[in-house]
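Chains, contacts and geometry: an overview
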Amino acid sequence: MAVPLARRILVYEWRRFLPATISVAFSGVLMIVQGALLLGIVSANALYVTQSGADLWIGFPGTQSADLGRAIDPGIAANLYMDPRIARVEALLLGAGDWRGARGGGTSVTLVGIDPRPDGVGLSKAMSPPVRVLLQEPGAVLVDETDLDKLATDIGQKAEINGHLVRVVGTTRNLRAMGGVNVVASLGTARMLDSAISASDSVTYYLAKVPEPRNISAVHAHLSSIPGSAGFEIWTAGELAGLSVRYWLLESGAGIGFVFATVIAMLVGTLITSQTLMAAVAASITQYATLRALGVSFPELRKIVIEQSGWVGAVGLGMGLVCSLLAAALARLNDIPFELRAGMMLFSAAVVLSVALVAGLLALRRLRHADPAALLR
Amino acid sequence: MLSKSYTVQNIRTDALRDVSLDLWAGELSLIIGPSGCGKSTLLSLMSGLSRPDSGTVYAAGVELSALSDAERDAFRLAHCGFVFQGFNLFPALTALEQVQIPLDYLKVPQDRAARRAAEALDMVGLWHRRHLRPAELSGGEKQRVAIARALVKRPSLLFADEPTSALDSTNGGTVTDLLRRIAHATGAVVACVSHDPRLIARADRVLEMEDGRLLRDRRPAHSEPMEPL
Ligand SMILES: Nc1ncnc2c1ncn2[C@@H]1O[C@H](COP(=O)(O)OP(=O)(O)O)[C@@H](O)[C@H]1O
Ligand SMILES: [Mg+2]
């Protein structure tokens, strides 16, 4: 095998490539962690949808985000029950409450009323069926395991919501709300606790389960076309989740701020990576000029730089990946919403790697038009 | 008639004014003159490192001044050896690997390349230093490695730009003699540029330059007989 010049330079002069390697690692971590936090927080906004097993959601027309649902006309229910393609119809209620517990003082909570049957679809992914049936007892509520401290309560303890006595009978998973606190109760308990939804037929959403996935769009279309459909709107679970995420990202100040911070993180990482790598390549410019003088063609030089940038990128990304996994573990320990997804890691890796390659090639551009003789003076 | 000028910040320097010369194979031609008189410029035009503003360069039967950048790269790779004032070795490579690099880019198979590199290193008397990196070699040894790197491809043209000015006079003499022996033994055109008049006695032919012009062209009588390579 020929003398592997690119790797020899890299190994022998590793100190020169170290800053670039570390900045690749840091840009990688920065992008992955920012992205994971963003995804985590964003998906927290669609939790009611993503933690439920329903295929179609029927709610107030023009609802911008799942948590902003308003009471709808219950007349639609008849159409839902009649459709043979729908296996289950269930109501979901959103209300508000003022929690008073052991600590004293009030905490605003969001009341989520669900059907407490063991096979219910509302928030079915946030609790196990045995916990769910505990809600059948009047006054029973569930709070998220991450909110126990915030509410100064624990399983088995009592508290008041809007002046009514409740008892915490269990906890939910993955239902930590952004900002507020979710308290889950049965439909009946929720109506008892919040007078604004106390009417026995008030409903915020109807959830429908369509067992045959290929029927979903047909049911969707059919329901939208029935007379009186102006009083409600129908979304697939994906549509409503996407709507909620977009609303938070684009309409809420916090979302835009976070997106902005992520973009800045990417720019800073890109800039630092490219600058350090260009410096590393520029520091070897006389070696490349010597090769040019010896008659080595420009494409061959490009190969050397691409190989070196590739190694710098790969080693840096490896380091970055380890750090990201550590960050994910740290986030998990502290119950921070953090969604480390493979797609995002691949995307970040691709961005950082292409930045490294482009920067290396840009640094080499000086050699293309300058006389090698001038660089060797 | 070669001319070349550089313009830096709107100030034009005529590095070469209407220079015309022929170099012969099998001898060491020394181009001598004060610093800044255009010697390096002449060398880079003759070797195809850069292109003249006007005039033509013929080398090894090719009109070099008419070739594109990529074609001149290929020409240098195939025909030219270079020795630089600052050695310009690769810090990361051992002496043997330095010498093998040109053959790798000429796509010589590995076993043959390694053998030829070893022979070239032996020819400059550095076989025993083959595993050392430039940082571990003396200036004279570095320049001999550079010469081995230049001659390993058996070039028909060998250019040396001030090869001795970073060396003491003993090492400088060794290096110049080595260049001359290579010229005689391989029949290559060997052109060496220097501002050091002590080299005159060791050259077959001396071309004197001043201020971008060629002044004199002579053949010194030799005091020291050359031993064969
Ligand atoms: N790349 C360059 N850019 C600008 N001026 C140059 C360049 N190369 C050479 N010169 C100028 O051309 C003249 C001749 O330079 P050079 O050929 O290097 O002389 P020598 O090798 O004899 O010392 C000098 O005045 C030098 O400043
Ligand atoms: Mg010079």
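Residues numbered from 1 in each chain as written. Chains lettered and ligands numbered in written order. Predicted model: local features only at pLDDT ≥ 70, side-chain atom pairs only at ≥ 80, totals over all residues. Heavy atoms only, no water.

**Things to note about the overall build of chain B**
The condition is simple: Helix numbers and strand numbers start at the N terminus; a helix is a DSSP run of H or I with at least 4 residues, a strand a run of E with at least 2. When we talk radius of gyration, it's over C-alpha atoms, and the globule rule is simply 2.2 Å times the number of residues to the 0.38. Only protein chains enter the accessibility calculation, which uses a 1.4 Å probe; a residue is then buried when its area is under 20% of its type maximum, exposed when over 50%, and partly exposed in between. Residue-level accessible areas treat just the shown protein chains as cover; the underlying method is Shrake-Rupley with a 1.4 Å probe. Residues scored as charged are limited to Lys and Arg (positive) and Asp and Glu (negative), so that His and the chain ends carry no count. Where a charge lies is defined by one atom per residue type, namely NZ (Lys), CZ (Arg), CG (Asp) and CD (Glu).
When its secondary structure is counted, chain B shows six helices and ten strands. The globule rule puts the C-alpha radius of gyration for 229 residues at 17 Å, and the 17 Å found for chain B is close to it. Reported as C-alpha extents along the three principal axes, the dimensions of chain B are approximately 45 × 45 × 35 Å. Within the span of chain B, comprising 229 residues, buried residues form 55% of the whole. Summed over its atoms, the accessible surface of chain B is roughly 10,100 Å², and 49% of this surface lies on carbon and sulfur atoms. Averaged over its 28 positive side-chain charges, chain B has a centre that lies 3 Å from the centre of its 28 negative ones.

**Things to note about the domain arrangement of chain A**
Residues and elements named next belong to chain A. Put simply, the rule is: An automatic or database domain assignment provides the domain bounds reported here. For this analysis, residues touch if any pair of their heavy atoms sits within 4.5 Å. In this description, buried area is defined as the sum, over both parts, of the accessible area (probe of 1.4 Å) that is lost when the two are combined. Definition used for salt bridges: Asp or Glu carboxyl oxygen within 4 Å of a side-chain nitrogen of Lys or Arg. In the analysis that follows, any N or O atom pair within 3.5 Å is treated as a polar contact, provided that within protein one partner can donate a hydrogen and the other can accept it, and provided that, for residues neighboring in sequence, both atoms belong to side chains. Classification used: nonpolar for Ala, Val, Leu, Ile, Met, Phe, Trp, Tyr, Cys and Pro, charged for Asp, Glu, Lys and Arg, polar for all others including Gly.
With domains assigned, chain A is organised as domain 1 (2–43 + 253–375) and domain 2 (46–251). A separation of 45 Å is found between the C-alpha centroids of domain 1 and domain 2. Contact residues are listed per partner, giving 14 residues for domain 1 and ten residues for domain 2. With both sides pooled, the region where domain 1 packs onto domain 2 buries about 890 Å², and carbon together with sulfur makes up 65% of that total. At the junction of domain 1 and domain 2, the tally comes to zero salt bridges. The interface formed by domain 1 and domain 2 contains one residue pair in polar contact (both at pLDDT 80 or more). Elements with a minimum of two residues in the side of domain 1 that touches domain 2: α2 (14–44) and α9 (253–283). For the side of domain 1 that touches domain 2, the element with the highest residue contribution is α9, accounting for six residues. Of the residues assigned to the side of domain 1 that touches domain 2, the class counts are nine nonpolar, four polar and one charged.

**Looking at the sheet that holds strand β7 (residues 157–161) of chain B**
Residue and element names in this part refer to chain B. Under the convention used in this document: Any two strands are treated as partners once DSSP identifies two or more bridges connecting them. Here an axis means a line fitted to C-alpha atoms, over the contact stretch when the element is a helix, while the angle between two N-to-C directions is reported on a 0 to 180 degree scale.
The six strands lie next to each other as β6-β7-β8-β3-β9-β10, forming an open sheet whose pairing is mixed. On the outer flanks of this sheet lie β6 (80–83) and β10 (213–218), each paired with one strand and no other. Averaged over all pairs of adjacent strands, the angle between strand axes in this sheet comes to 20°, irrespective of strand direction. Examined bridge by bridge, β6 and β7 share four bridges and lie parallel to one another. By the bridge assignment, F82 is partnered in β7 with F159. The strands touched by helix α5 (residues 139–151) are β6 and β7; relative to β6, the strand with the most contacts, the crossing angle is about 170°.

**Focus: the packing of helix α8 (residues 237–251) of chain A against α9 of chain A**
Residues and elements named next belong to chain A. Rules: Roughly parallel here means an angle under 35 degrees, roughly antiparallel means over 145, roughly perpendicular means 65 to 115, and every remaining angle is called oblique.
Following both chains from N to C, one finds α8 and α9 inclined at 75°, their axes separated by 4 Å at the closest point. In terms of orientation, α8 and α9 fall into the roughly perpendicular class. Of the residues in α9, those touching α8 at W248, L249, L250 and E251 are G253, A254, G255, I256, F258 and V259.

**Observations concerning the interface of chain B and chain A**
Contacts between the two partners involve 25 residues from chain B, matched on the other side by 24 residues from chain A. Carbon and sulfur atoms supply 63% of the area buried between chain B and chain A, which totals about 2,300 Å² over both sides. Counting across the interface, chain B meets chain A through three salt bridges. K107 of chain B is the partner of E300 of chain A in a salt bridge, and the nearest nitrogen-oxygen pair spans 3.7 Å. Across the chain B-chain A interface, the total number found is six residue pairs in polar contact (both at pLDDT 80 or more). Contributions of two or more residues to the side of chain B that touches chain A are made by α2 (69–79) and α3 (95–105) of chain B.

**Considering the pairing of strand β7 (residues 182–186) of chain A**
All names here are of chain A. Buried residues dominate β7, accounting for five of its five residues. Bridge count between strand β3 (residues 106–114) and β7: five bridges; the pairing is parallel. Opposite V112, over in β7, you have V184 as the bridge partner. Relative to β7, strand β4 (residues 140–144) is paired through three bridges, and the arrangement is antiparallel. The partner of L142 across the bridge, within β7, is V184.

**Quick word on unusual backbone geometry**
Residues and elements named next belong to chain B. Non-glycine residue E162 carries a positive phi angle of around 50°. Relative to the helices and strands, E162 resides in the loop between β7 and α6 (169–186). On the accessibility criterion, E162 (9% relative accessible area) is buried. A positive phi angle is found at D211, which is not glycine, with a value near 50°.

**As for empty space enclosed by the protein**
Residues and elements named next belong to chain A. Defined as follows: Grid points spaced at 1 Å and placed over the protein atoms alone form the basis of the search, with a cavity being a set where a 1.4 Å probe fits but cannot get out and a pocket an open set showing protein on both sides within 12 Å along at least five of seven lines. Lining residues have an atom within 4 Å of a point. Grid points are joined across faces, edges and corners, and a volume is the space filled by probe spheres set on the points.
Going through the model one piece at a time under the given rule, you end up with one cavity of 30 Å³ or more. Lining the largest cavity, in full, are S27, M31, M266, G269, T270, T273, V351, V352 and V355. For the lining of the largest cavity, the element with the highest residue contribution is α9, accounting for four residues.

**Observations regarding the nonpolar core**
To keep things clear, this is the line we draw: What makes a nonpolar core is a set of buried Ala, Val, Leu, Ile, Met, Phe, Trp, Tyr and Cys residues whose side-chain atoms join them at distances within 4.5 Å.
Of all hydrophobic cores here, the largest spans 41 residues; its most connected members are L30, V99, L121, V145, I147, L158 and L179 of chain B. Where this core is concerned, the elements lending two or more residues are β3 (28–32), α3, α4 (110–123), α5, β7, α6 and β8 (189–194) of chain B. It is α5 of chain B that contributes the most residues to this core, six residues altogether. With residues near it in sequence (within four places) discarded, V99 of chain B still touches A117, A120, L121, V145, A148, R149 and V152 of chain B. Counting residues in hydrophobic clusters, the runner-up holds 37 residues, among them A280, L301 and V352 of chain A together with A92 of chain B.

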